[in-house]
Amino acid sequence: MNQSEKSNEESIVNIEESTHGNNVTEEEMILNNLSQITFNAPSQSDENKIGMLRKKSFLINLSLMADILGELKLLSEALQKNNISIVDADYYINRTINCLLHLKNNQGKYESAANNQKLLESSCFAQTNDHLFDKSKLIDGTIKSLKLRMFSNGLNDKSYTNLLDIFMILDETKLPTDVANPWKKGEEKLEELSKILRLKIEINDFRDFIDKRETGETIKLAKNYMNIKIFSTL
């Protein structure tokens, strides 16, 4: 161990000894530790890194990114479900957009923690609060990117509603409660779905699906095609 490392280690030990036995909170101990640890003879590169880490803006920017990435992580997990449909994917993306819009006007979990006044006023962050991200622009850019990946992108409300109606005929949870064969309206939509997916979906397979019998091969293929289309656009 060189002299610099030994000195730093002694500083940490001294800090721990000074707080031991006192009625201090964990937060106060962390702040106390951070404010007292010193580094001997840092290189120019180390000084630049330490200088960046000491900026309040770095902490606040990092916390904002953590909140945004947290929402995208939840979206990613939702889109990895085995039985997800195109309709579900659009729903999850739209839900994430709403959460980001809320985040735009409110502080998230990490941003709120980073804006702790006691933390920001500590000697750890003595430098000015410069170079803050434009929060609105950052979130707007994220939302724009998400919208481009929605199946409904570029469609007007009427066209999108019609598409949802077509896709829902293969979603057991969206079928009418009194549906029964022959479901002529559903079979008409089945023809439209076949054109969209460029796949001939057999009427008998569809009727078995309505009767809750064994799912036919063309129904399985249609559902797979719908899932593939989701992930090819993300």
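Residues numbered from 1 in each chain as written. Predicted model: local features only at pLDDT ≥ 70, side-chain atom pairs only at ≥ 80, totals over all residues. Heavy atoms only, no water.

The protein chain appears in an unreviewed UniProt entry as CSON007164 protein from Culicoides sonorensis.

A.B. asks: Quick rundown of helix α8 (residues 135-148)? Include the residues and the values.
C.D. replies: Taking 1.5 Å of rise per residue, the 14 residues of α8 would be expected to cover 20 Å, and the 20 Å separating its terminal C-alpha atoms lies within 8% of that figure. Among the residues making up α8, those that are buried are K135, I139, T142, I143 and L146. Each buried residue of α8 sits inside an arc of 100° when the element is viewed along its axis, so together they form one side. In this structure, α8 carries K137, K144 and L148 as exposed residues pointing more than 90 degrees from its buried face. Buried residues belonging to α8 abut α4 (56-79), α5 (86-105) and α6 (109-114). Put simply, D134 is the residue that caps the front of α8, since its side-chain oxygen is 3.3 Å from the backbone nitrogen of S136. (Helix = DSSP H or I, 4+ residues; strand = E, 2+ residues; numbered from the N terminus. Expected span 1.5 Å × (residues − 1). Buried < 20%, exposed > 50% of the residue type's maximum accessible area, 1.4 Å probe, protein only. Arc of directions from axis to C-beta. Contact = heavy atoms within 4.5 Å. Polar contact = N/O pair within 3.5 Å; in protein donor to acceptor, adjacent residues only side chain to side chain.)

A.B. asks: How would you explain the layout of surface pockets if you had to name every residue and give the values?
C.D. replies: Looking at the second largest pocket, its volume works out to about 330 Å³. Lining the second largest pocket we find 19 residues, and of these N83, I84, S85, D88 and D171 sit closest to its centre. Every element with two or more residues in the lining of the second largest pocket is listed here: α5 and α12 (217-232). Sort the elements by how many residues they give to the lining of the second largest pocket and α12 lands first, with four residues. (1 Å grid on protein atoms, 1.4 Å probe; cavity = no way out; pocket = protein on both sides within 12 Å on 5 of 7 lines; lining within 4 Å. Points joined across faces, edges and corners; volume = space filled by probe spheres on them.)

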